[in-house]
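So the chains spell out like this:
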Amino acid sequence: MKQYQVAFVGNPNVGKSAWINALSNAHFQVGNWPGVTVEKKEAIVTWGDAQYHFIDLPGCYSLETIGNEERITTQFLKEAHVDIIVNVLDATNLSRNLLLTLSLRELQLPMLLLFNFMDEVEKQHIHIDMNALQRRLQIPILPYSALDKKHYGEVKKAIIQMTKQKVCYYPLLEKQELQAYIQLFERIEKAVPKDSVYEEDELHRLCMRFIHKDAATWRQLKNWGIQEIELQAFAQRLDDKTMQQHRYEIIHSFMKYVKQDEHQRYAISRRIDRMILHPYLGMPIFLAIFTIVLLFVFQASAPWTTFIDYLIHDILYKYLAVGISFLPIAVQKLLLDGILAGVGGVLVFLPLMAFLYMVLSILEESGYMSRIAFLLDRAMRSFHLSGKSFVSLLLGFGCNVPAIYSTRTLDNEKQKKMCALLIPFMSCGARLPIYVLFAAAFFPHKAGLMIVTMYALGVFLALILAFVYSRFMAFKEDAIFILELPPYRLPKLRMVFAKVVLEVKGYIKKATGIVLWAMVILWGLSYFPNGQVSTSYLATISQKVAPLFEPLGFGNRWECVAALPGGIIAKETIVGYFETLSHPLKEEQTQQSLQPLEDMAAIGKHAQTALTDSIFAFIRPQIRLKPDNDAQVSMIQSLWSDEHANLRAFCFMVYVLLSIPCIMTLQAMYHEYGWKLMSISIGSMLLIPYLVSLLIFQIFSLF
């Protein structure tokens, strides 16, 4: 089967991923470019008798090797075998996007231009003379938005056609530069050895590499007999700086084909920014939005969390218990108490994760995420971080792993490393179920407030550590902050949904993968040698270690200490472990008779209740994060009943917040920055949670 490599190239946030997502039906493979902190996305599709490998190259503004993104894109296009370049452009901002197009054109590879956001072009009354631009550029232009399904077939057909074509793009130069270029071209053509064959496009490619002072090309031309003095003369007439300036002049000439009212185009965004980025109102507005968003996530997801909890632990548990009753008791315990109870205890929080990723996606798609970075840049500078750093920290609320990978977008290596050390202090989504469980048990009427407090405490301590780390030369570096503020856009539901599905799939994979094995191991340690949790291997070890944690408040219960080791494998296992402890509270289910019709009716009623409660989440703020009679909540409530019970629970939540992140986060940090930084992270997150929890309990227990 014939295989083609298709590189999708464009500026940041122009919709490359959206187009690949549309053409490949979301069959993305996400990895990492080797040796660098830049995410690699790719997809493979089969059209007819050929296979097409789509590569989503990092967004960049030029092919100058300034940062990792530009370097990766440039090296890939020049060194890998690329059959076609699909250049995706923001049609509402061609003056900026066309600079990269002109650089790509010089590579002499088959190209196709996709003008994205054409729906916004129409709304903003922008008129683009596509035919004139196409004639000047000599490249086919498809003016279609990635969300417009009816044009997917045309884009597919155009890609197939372009892979079969040979192209040669003539340079767009003024008379004087064109004359010099022609002379250079003819000189190189004449110097080609007789035993070599160079097509016209290859000669143009050699010319451009020479102009860009590519050392290998200079050596090659010298080996072909062109004297150094000749090369220097051509280099003076066609230097890279002159060519770059000429590109801007060409783009300026292109803009006569675009009719638009700049003031009208940005009018709405500017009006919104006057309030959102106001010197005095901007920060209170951000804090209000941030608080509302978090409370929305908790309140709107809580009814669905209860519903899935009911499906797994009341319905599925009962039917599975009856179905496997013929198996040996140890196997039954493994399947019910280890696998179903453990993984099920994690999956009940699936709605919580979905709502969290949904609001993060909406903030990003709307353009407000960039405003957050801009708004907080001045404050972050006090800690030797940029506004972009806060965006990475904010992503940590979803998951620390992608947040650490997102530090690759920061401006310098020292900022990247310091931000990576701070991200684990951001309360990731996997920690959230733990807060929900303990808040529901000990702070039932202030659960939302207590959870927000956890988030705020993580940010507060991260900023203190940033100030401390910035005193060391290894992390201290000031850099110029450059950030593009995109126009405000109404988030597209399809794009938001696609991102949520991708993240939720990852969460499920984690819950049924590493968490499953972790829960099986923890179940084995808590079941053997005699089937009793209180006398198991894990209980014995935890009881011996527990005195070390008694000054922290929660060390008087070995169950809390026993739950901590699994959190290093994945934070979700802490919830899963408490779920296995809560199983005895519902053991009588194994003796219940099955009533399918009644159960189906009950499921429908619970689903209707969840939908109603979720819709009216803010109208009914008394909605609890977990039901009063939840087995997990009952088990957690039974941990402490003394006068300091709430304080002990709070200290446990704080310890979980600040403790060593999951192994996948550590792996991401090692992959990006090596053993040294990972070791610093582990050391700090062994010491800091102990000290903070110790101070909180010892001080507040006096009152």
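Refer to the structure printed above.
If you're wondering where the values come from, they're calculated on a predicted model, not measured in any experiment.

Undergrad: Sorry if this is basic, but what is going on with the pairing of strand 4 (residues 50–56) here?
TA: On a regular strand, one side chain projects to one face of the sheet and the next to the other, so that they alternate. Counting buried positions over the seven residues of strand 4 gives five, a clear majority of the element. In this sheet, strand 4 lies alongside strand 1 (residues 2–9) in parallel orientation, the contact comprising seven bridges. By the bridge assignment for strand 4, phenylalanine 8 is matched with aspartate 56.

Undergrad: Just to check I follow, could you spell out the nonpolar core for this structure?
TA: The nonpolar side chains of soluble globular proteins are, as a tendency, buried together. Phe438, Phe554, Phe578 and Phe652 are the most contacted members of the largest nonpolar core, which totals 119 residues. Top contributing element to this core by residue count: helix 22 (residues 447–469), with 13 residues. Not counting the four nearest positions on each side in its chain, phenylalanine 438 is found in contact with Phe443, Phe578, Ile636, Leu639, Trp640, Ala649, Phe652 and Met653. Membership of the second largest hydrophobic core comes to 71 residues, among which are Ile126, Tyr152, Ile250 and Met495.

Undergrad: Before we go on, may I ask you to explain the pattern of salt bridges in this structure?
TA: Once their charged atoms are close, side chains differing in charge can pair, the charge on each being opposite to the other. Applying the stated rule across the entire model yields 12 salt bridges. Aspartate 119 is paired through a salt bridge with lysine 492; the nearest N and O atoms lie 3.2 Å apart. Of the two residues, aspartate 119 is situated in helix 4 (residues 118–123) and lysine 492 in the loop between helix 22 and helix 23 (493–512); the sequence distance between them amounts to 373 residues. The shortest N-O distance in the salt bridge between glutamate 559 and arginine 557 comes to 2.8 Å.

Undergrad: Looking at this model, I keep getting lost on helix 14 (residues 282–323). Mind explaining?
TA: Quick reminder: α-helices carry 3.6 residues per turn. Residues three or four places apart thus point the same way. Compared with the 62 Å implied by 1.5 Å per residue over 42 residues, the 59 Å span of helix 14 between its first and last C-alpha is a close match. Within helix 14, the axis deviates most sharply at alanine 302, by approximately 40 degrees, and proline proline 303 lies no more than four positions further along.

Undergrad: Honestly, helix 1 (residues 16–24) in this entry has me stumped. Any pointers?
TA: Within helix 1, eight of the nine residues are buried, which leaves the element mostly enclosed by the surrounding structure. Every buried residue belonging to helix 1 is among Lys16, Ala18, Trp19, Ile20, Asn21, Ala22, Leu23 and Ser24, and all of these are buried. Looking one or two residues past helix 1, asparagine 25 carries a phi angle of roughly 60 degrees, positive in sign.

Undergrad: Help me understand a nonpolar patch on the surface in this model?
TA: Together, Phe460, Ile464, Phe467, Val468 and Phe472 give the surface a local cluster of nonpolar side chains, amounting to about 480 Å² of exposed area. Relative to the elements of secondary structure, valine 468 occurs in helix 22.

Undergrad: Help me out: how do you make sense of unusual backbone geometry in this one?
TA: Most peptide bonds take the trans configuration, and most residues that are not glycine carry a negative phi. Put simply, phenylalanine 528 and proline 529 share a cis peptide bond, and its omega is 15 degrees. Within the secondary structure, proline 529 sits in the loop between helix 24 (514–527) and helix 25 (537–545). With a phi angle near 60 degrees, phenylalanine 117 is a residue other than glycine that sits in the positive phi range. Considering the arrangement of structural elements, one finds phenylalanine 117 in the loop between strand 6 (111–116) and helix 4. One non-glycine residue, glutamine 138, lies in positive phi territory at about 65 degrees. When you line up the elements, glutamine 138 lands in the loop between helix 5 (130–137) and strand 8 (141–142). Classification of glutamine 138 by relative accessible area gives partly exposed; the value is 34%.

Undergrad: Could you clarify how one ought to interpret the packing of aromatic side chains in this entry?
TA: For any pair of aromatic rings, the description rests on two quantities: the centre-to-centre distance and the angle between the ring planes. This model, assessed by the stated rule, comprises 20 aromatic pairs. Ring centres of tyrosine 4 and tyrosine 52 lie 5.3 Å apart, and the angle between their planes is 20 degrees; this geometry places the pair in the stacked category. One end of the pair, tyrosine 4, is in strand 1; the other, tyrosine 52, is in strand 4, with 48 residues separating them in the sequence. An angle of 85 degrees between the planes, with centres 5.9 Å apart, marks the rings of tryptophan 304 and phenylalanine 307 as edge-to-face. One end of the pair, tryptophan 304, and the other, phenylalanine 307, are both in helix 14, three residues apart, so they sit about a helical turn from each other. Given a relative accessible area of 24%, tryptophan 304 falls into the partly exposed group. According to the relative accessible area criterion, phenylalanine 307 is buried, its value standing at 12%. Three or more aromatic residues link up through ring pairs in this structure, and these residues are Phe438, Phe442, Phe549, Phe554, Trp640, Phe652, Tyr655 and Tyr690. The ring centre of tyrosine 488 lies 4.1 Å from the NZ or CZ of arginine 371, which sits over that ring. When the ring centre of phenylalanine 117 is taken as origin, the NZ or CZ atom of arginine 489, which lies over that ring, is 4.0 Å away.

So, how was this worked out
Residues numbered from 1 in each chain as written. Predicted model: local features only at pLDDT ≥ 70, side-chain atom pairs only at ≥ 80, totals over all residues. Heavy atoms only, no water. Buried < 20%, exposed > 50% of the residue type's maximum accessible area, 1.4 Å probe, protein only. Helix = DSSP H or I, 4+ residues; strand = E, 2+ residues; numbered from the N terminus. Pairing = 2+ DSSP bridges. Core = buried A, V, L, I, M, F, W, Y, C linked by side-chain atoms within 4.5 Å. Contact = heavy atoms within 4.5 Å. Salt bridge = Lys/Arg side-chain N within 4 Å of Asp/Glu carboxyl O. Expected span 1.5 Å × (residues − 1). Bend = angle between axes of the 7 residues up to and from the residue. Patch = residues over 30% accessible without salt bridge, like charges linked within 9 Å, V, L, I, M, F, W, Y side chains within 5 Å. Areas by Shrake-Rupley, 256 points an atom, 1.4 Å probe, with all protein chains shown as cover. Phe/Tyr/Trp six-rings, centres within 6.5 Å; stacked < 30°, edge-to-face > 60°. Lys NZ or Arg CZ within 6 Å of the ring centre and 35° of its normal.

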